[in-house]
Each structure stands twice: as structure tokens, then as C-alpha cells.
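# Results of the structural survey
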Amino acid sequence: MKRGILVASLLILTFMIAPAGAFSADKLLITVDEDGSANITFNYTLSWIERIAVFFKIAEPEQELKSALEEATGAPVTVASAESDAATFSVLGFAKNKSTEDGTIYSTPGLDFTGAQEMLDRYWFAPLVQADFSPDQTVVRFPDGHEETFANQSTIPALSHATL
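Residues numbered from 1 in each chain as written. Predicted model: local features only at pLDDT ≥ 70, side-chain atom pairs only at ≥ 80, totals over all residues. Heavy atoms only, no water.

## Considering the side chain of Thr138
Along the chain, the position of Thr138 falls in strand S9 (residues 137-141). Note on Thr138: relative accessible area 1%, which makes it buried. Excluding residues that lie within four positions of it along the chain, Thr138 makes contacts with Leu28, Glu148, Thr149, Phe150 and Ile156. (Helix = DSSP H or I, 4+ residues; strand = E, 2+ residues; numbered from the N terminus. Buried < 20%, exposed > 50% of the residue type's maximum accessible area, 1.4 Å probe, protein only. Contact = heavy atoms within 4.5 Å.)

The structure is reproduced here in C-alpha cells:
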């Protein structure tokens, strides 16, 4: 009995002095299709606190990301898949496309990740989490294979690219 109390006390003490967990955005890949729709893959790392919250369905990062994408693009977003370290989305009408006699011009919206902290703050575990919503790497790939790459940026500017 005394041994069980000692083990439980040590576990509680470990959780109390454990460093704060951290959410980190690892990679964001946006692949624009010829019709202007996009497939978006977001890779991230969850802290142990967030993994517990996701396990118990307290937090659903893919739904938060879906809402943020819908707000940024003004287009409907579908969650294609969601894992503990990645989520994939389909976005109809992500990029505006305009046909010209020289080819097609694709224009993507700007993305701003700074509002993500407000979403996180709604959860009970927010004070325990240090979050970095700026993806280590963001890649926007156009239908002709052209890519724009950004590193550790909390905002991605609107882009325009012409294909032949």
C-alpha cells in the first residue's frame, strides 16, 4: 500500500515539474491543381499533453486547421486524413486561375498563422503548451512543378505564378 502511494506521488511530481509541452509546425505542403483546387499536407509535432487531449477527443487539431484554412481562403475545406503527426486537406477553389493567350496565371491567397494562438487558448491545456505555428518549411507547388519555399514564416504572402 505504501509503495503504491509512493509511486503515485512520484508520478504526480513528475507531471508537475515536467517541462511544458510544445506544438511545432514542421512542414506545410500546398499542391495547386490545374483547376485551382489544392491538396494541403500539414506535418506537425504534438506534445505529450496534446497527444492526450487528442486521444480523449478534447482537441482536434485537424478541425482547427480546417477552420483556419476556410477562414483564410473563403473556400470549402475537406479533411482527407488526420493522424497524430499530420493532416491532409482538399480545398476547392484555393487558387484563382485566369487563362491568357500565353498560359494560365494562378493566384493563391496569403496565409497567416498568427491567429492560431487564439484557437489554442480556448483549450484547458493551453497554459501548459509552448506553440510554434510557423512551419519550419512551407512549399507551394504549382501545376507546372514550380515551387515557392518559405522557412519559419508566420505569414505566407499571396502568390502569383504564370504557367505556359
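## As for unusual backbone geometry
In this model, Asn152 sits at a positive phi of 50 degrees, which is unusual for a non-glycine residue. Residue placement: Asn152 occurs in the loop between strand S10 (147-151) and strand S11 (155-156).

## Some details on the pattern of salt bridges
Within this structure, the stated rule accounts for 2 salt bridges. The shortest N-O distance in the salt bridge between Glu70 and Lys66 comes to 2.9 Å. Linking Glu70 with Lys66, this pair stays in helix H3 (residues 61-73), spanning 4 residues, or about one helical turn. A salt bridge links Glu147 to Arg141; the nearest nitrogen and oxygen atoms lie 2.6 Å apart. Judged by its relative accessible area of 29%, Arg141 is partly exposed. (Salt bridge = Lys/Arg side-chain N within 4 Å of Asp/Glu carboxyl O.)

## Structural notes on the confidence of the model for the protein
Of the residues in the protein, 72% have a pLDDT of 70 or more, and the chain-wide mean is 79. Note on residues 6-20: pLDDT is under 50 here. Beyond four places in sequence and across chains, it has 5 contacts. (pLDDT = per-residue confidence, 0-100.)

## Thoughts on the pairing of strand S4 (residues 86-91)
With 6 bridges joining them, strand S2 (residues 38-45) and S4 adopt antiparallel strand pairing. Across the sheet, the residue bridging to Thr41 is Thr88, located in S4. Connecting the antiparallel pair strand S3 (residues 77-82) and S4 is a turn made up of 3 residues. (Pairing = 2+ DSSP bridges.)

## Let's talk about the pairing of strand S12 (residues 159-163)
Only one face of S12 is buried: it carries Leu159, His161 and Thr163, and the other face, with Ser160 and Ala162, is open. Pairing between strand S6 (residues 103-108) and S12: 5 bridges, direction antiparallel. The partner of Thr108 across the bridge, within S12, is Leu159.

## A look at the nonpolar core
In terms of nonpolar packing, the biggest core is built from 27 residues, with Leu28, Ile30, Val32, Ile40, Phe89 and Phe94 touching the most fellow members. Those elements giving two or more residues to this core turn out to be strand S1 (21-32), S2 and S4. If we skip the residues at most four places from it in the chain, Ile40 touches Leu28, Leu29, Ile30, Leu69, Ala87, Thr88, Phe89, Val91 and Phe94. (Core = buried A, V, L, I, M, F, W, Y, C linked by side-chain atoms within 4.5 Å.)

## A closer look at the side chain of Ser37
Within the secondary structure layout, Ser37 lies in the loop between S1 and S2. Overall, Ser37 belongs to the buried group, its relative accessible area being 10%. A polar side-chain atom of Ser37 sits 2.6 Å from a polar atom in the side chain of Asp35. Contacts of Ser37, omitting those with residues within four sequence positions, involve Thr31, Val32, Val91, Leu92, Gly93 and Phe94. (Polar contact = N/O pair within 3.5 Å; in protein donor to acceptor, adjacent residues only side chain to side chain.)

## What about the sheet that holds S12?
The 3 strands lie next to each other as S5-S6-S12, forming an open sheet whose pairing is antiparallel. The sheet is open, and its two borders are formed by strand S5 (96-100) and S12, each paired with just one other strand. Ignoring strand direction, the axes of neighbouring strands in this sheet form an average angle of 15 degrees. Relative to S6, S5 runs antiparallel, the two sharing 5 bridges. Directly across from Lys98, in S6, lies its bridge partner Ile105. (Axes fitted to C-alpha atoms, helices over the stretch in contact; angles between N-to-C directions.)

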